[in-house]
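Structural overview
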Amino acid sequence: MSEALVFRFDVDGEDFTSAGQASVIVKRNLRQLGIDSEIIRRVSIAMYEGEINMVIHAGGGVAEVRVDEECIEIVLEDHGPGIKDIDKAMQEGYSTAPDEIRSLGFGAGMGLPNMKRHTDSLEIFSTVGVGTKIVMKVYNKVAS
Amino acid sequence: MKVKELAQISDFGAITLPEGDRDIEGVYIGDLLSWVMGRARADDAWITIMSNVNVIAVASLSDVSCVIFAEGVMPEDSIVETATKKGINLISTSLSAYGTAVRLSEILK
Ligand SMILES: Nc1ncnc2c1ncn2[C@@H]1O[C@H](COP(=O)(O)OP(=O)(O)O)[C@@H](O)[C@H]1O
Ligand SMILES: [Mg+2]
């Protein structure tokens, strides 16, 4: 793995039932690359939460995953409403999700905290009315 | 204990067991999917009453050994089909979530 591998996905904002497909594909690809299963689990969980957020809160977006020897980087970008108060959004339990989303088991306000907990770094760039970009990194502990 | 062995025990039934040889190492109970993603450990048996298709994605990504639908909850055929394709074991029981946990604690001892 000398060059970075890049996987790119359009996340459909209309189709809540298929949300998570990109994460499932990434999980399978990482498994085929022989990456440590705990690392795969962390990447999968963080990416899924981000994917679901793009569907619930932003009408979809684009997800990109770069894999190199050192690190797995997940970049999620949308043109949704943006996040007004990022500190608040990061708090466990804070959610603006509507009731119908909650009845499906989402909207517990644990998504961003989960993304932080399962990654080595999480950066959020968001502008109200423009969109949100989230960059997460998980370091590959197996050094070559 | 293997998932397929649990499915043989009274009170439990197999819905689909594409990976029946997986071992159950622990138990997690919850219906809020982000909590499950954040807190369930790999190889846990996950007890829930939630049965929409997102449950299958969460089960797959969090790497639980099986999903146990409590209270007699039965997922739709299309969801069972998805689970079978994705290698997610589904088990049913008419016990409550609490009753299921109590049974599992006896069985997994
Ligand atoms: N991509 C996004 N675009 C706009 N707002 C977002 C986005 N992601 C998260 N948010 C905001 O941050 C809040 C907290 O997110 P999260 O912790 O994932 O909880 P939940 O998705 O359960 O509401 C959301 O309720 C929403 O207001
Ligand atoms: Mg969320």
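The notes below deal with the structure included here. (Residues numbered from 1 in each chain as written. Chains lettered and ligands numbered in written order. Predicted model: local features only at pLDDT ≥ 70, side-chain atom pairs only at ≥ 80, totals over all residues. Heavy atoms only, no water.)

Under the counting rule described, the total for this entry stands at 14 salt bridges over all chains. Residue Glu38 of chain A is joined to Arg41 of chain A by a salt bridge in which the shortest nitrogen-to-oxygen separation is 3.7 Å. One end of the pair, Glu38 of chain A, and the other, Arg41 of chain A, are both in helix H2 (residues 37-58), 3 residues apart, so they sit about a helical turn from each other. Take Glu38 of chain A: its relative accessible area is 37%, and that puts it in the partly exposed class. Of the residues examined, Arg41 of chain A reaches a relative accessible area of 8% and is grouped as buried. Arg22 of chain B serves as the salt-bridge partner of Asp63 of chain B, at 3.8 Å between the closest nitrogen and oxygen. In this pair, Asp63 of chain B sits in the loop between helix H3 (54-62) and strand S4 (66-69) while Arg22 of chain B sits in the loop between strand S1 (13-16) and strand S2 (26-29), placing the two residues 41 residues apart along the sequence. Using a relative accessible area of 16% as the deciding quantity, one classes Asp63 of chain B as buried. (Salt bridge = Lys/Arg side-chain N within 4 Å of Asp/Glu carboxyl O. Helix = DSSP H or I, 4+ residues; strand = E, 2+ residues; numbered from the N terminus. Buried < 20%, exposed > 50% of the residue type's maximum accessible area, 1.4 Å probe, protein only.)

What follows covers the interface of chain A and chain B. Residue-level contacts link 23 residues of chain A with 22 residues of chain B. Summed over both sides, the interface of chain A with chain B buries roughly 1900 Å², with 56% coming from carbon and sulfur. Its largest share of buried area at the contact with chain B, chain A owes to Val24, Arg41 and Tyr48 of chain A, together 28% of the area lost on that side. We note a salt bridge from Asp63 of chain B to Lys27 of chain A, for which the minimum N-O separation is 3.4 Å. Viewed at the interface, chain B and chain A are joined by 9 residue pairs in polar contact (both at pLDDT 80 or more). (Contact = heavy atoms within 4.5 Å. Buried area = accessible area lost by both parts, 1.4 Å probe. Polar contact = N/O pair within 3.5 Å; in protein donor to acceptor, adjacent residues only side chain to side chain.)

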